[in-house]
Amino acid sequence: MNPATPTGIAVLIAIVNSALLAVLAAVWLDNYREFGSTLLLGLLGFSAVLLVENLISIAFFFNSMRTLYAMDPLVGRVVLGLSLLELLAVSLLTYATLK
């Protein structure tokens, strides 16, 4: 996989998203243990689902590079755009949580 392609950049962004989601999950789990709030439990579930989605996408990128993402440059750019939007959302949520 060439990291300079849109698909390669999307993989790197998915790795960053996974790291941020792991941080969020750790903070929210700690807070849930302390406060027991159902809101924190919901946030923990939210981060867990997105983390699983990112890990699956990373595995898919590495195992299926000869399929759809590699064949069509438009699809690679769309996946990159969606990954960037998710990165923005998760970054804002991480910033707000850690403040």
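If you're wondering where the values come from, they're calculated on a predicted model, not measured in any experiment.

Parameters and conventions
Residues numbered from 1 in each chain as written. Predicted model: local features only at pLDDT ≥ 70, side-chain atom pairs only at ≥ 80, totals over all residues. Heavy atoms only, no water. Axes fitted to C-alpha atoms, helices over the stretch in contact; angles between N-to-C directions. Helix = DSSP H or I, 4+ residues; strand = E, 2+ residues; numbered from the N terminus. Parallel < 35°, antiparallel > 145°, perpendicular 65-115°, else oblique. Left-handed = near helix turned anticlockwise from the far one by under 90°. Contact = heavy atoms within 4.5 Å. Nonpolar A, V, L, I, M, F, W, Y, C, P; charged D, E, K, R; others polar. Expected span 1.5 Å × (residues − 1). Polar contact = N/O pair within 3.5 Å; in protein donor to acceptor, adjacent residues only side chain to side chain. Patch = residues over 30% accessible without salt bridge, like charges linked within 9 Å, V, L, I, M, F, W, Y side chains within 5 Å. Areas by Shrake-Rupley, 256 points an atom, 1.4 Å probe, with all protein chains shown as cover. Salt bridge = Lys/Arg side-chain N within 4 Å of Asp/Glu carboxyl O. Buried < 20%, exposed > 50% of the residue type's maximum accessible area, 1.4 Å probe, protein only.

Looking at the packing of helix α2 (residues 38-63) against helix α4 (residues 73-98)
The interhelical angle for the contact between α2 and α4, taken along N-to-C directions, is 150°, at an axis separation of 13 Å. With respect to α4, the axis of α2 lies roughly antiparallel. Here α2 runs over α4; the crossing is left-handed. Residue-level contacts link Phe46, Leu50, Glu53, Asn54 and Phe61 of α2 to Val79, Glu86 and Leu93 of α4. The residue makeup of the contact of α2 with α4, split by class, is five nonpolar, one polar and two charged.

Considering helix α1 (residues 6-35)
It helps to recall that an α-helix has 3.6 residues per turn; residues three or four apart then point in one direction. The end-to-end C-alpha separation of α1 is 42 Å, in line with the 44 Å expected for 30 residues at 1.5 Å each. A side-chain oxygen of the first residue of α1 lies 3.0 Å from the backbone nitrogen of glycine 8; this N-cap is threonine 5. Positioned one or two residues after α1, glycine 36 has a phi angle of 70°, which is positive.

Brief notes about a nonpolar patch on the surface
A cluster of nonpolar residues, Leu74, Val78, Leu82 and Leu85, forms a patch on the protein surface that exposes about 390 Å² of accessible area. As for its position among the elements, valine 78 is in helix α4. Note on valine 78: relative accessible area 43%, which makes it partly exposed.

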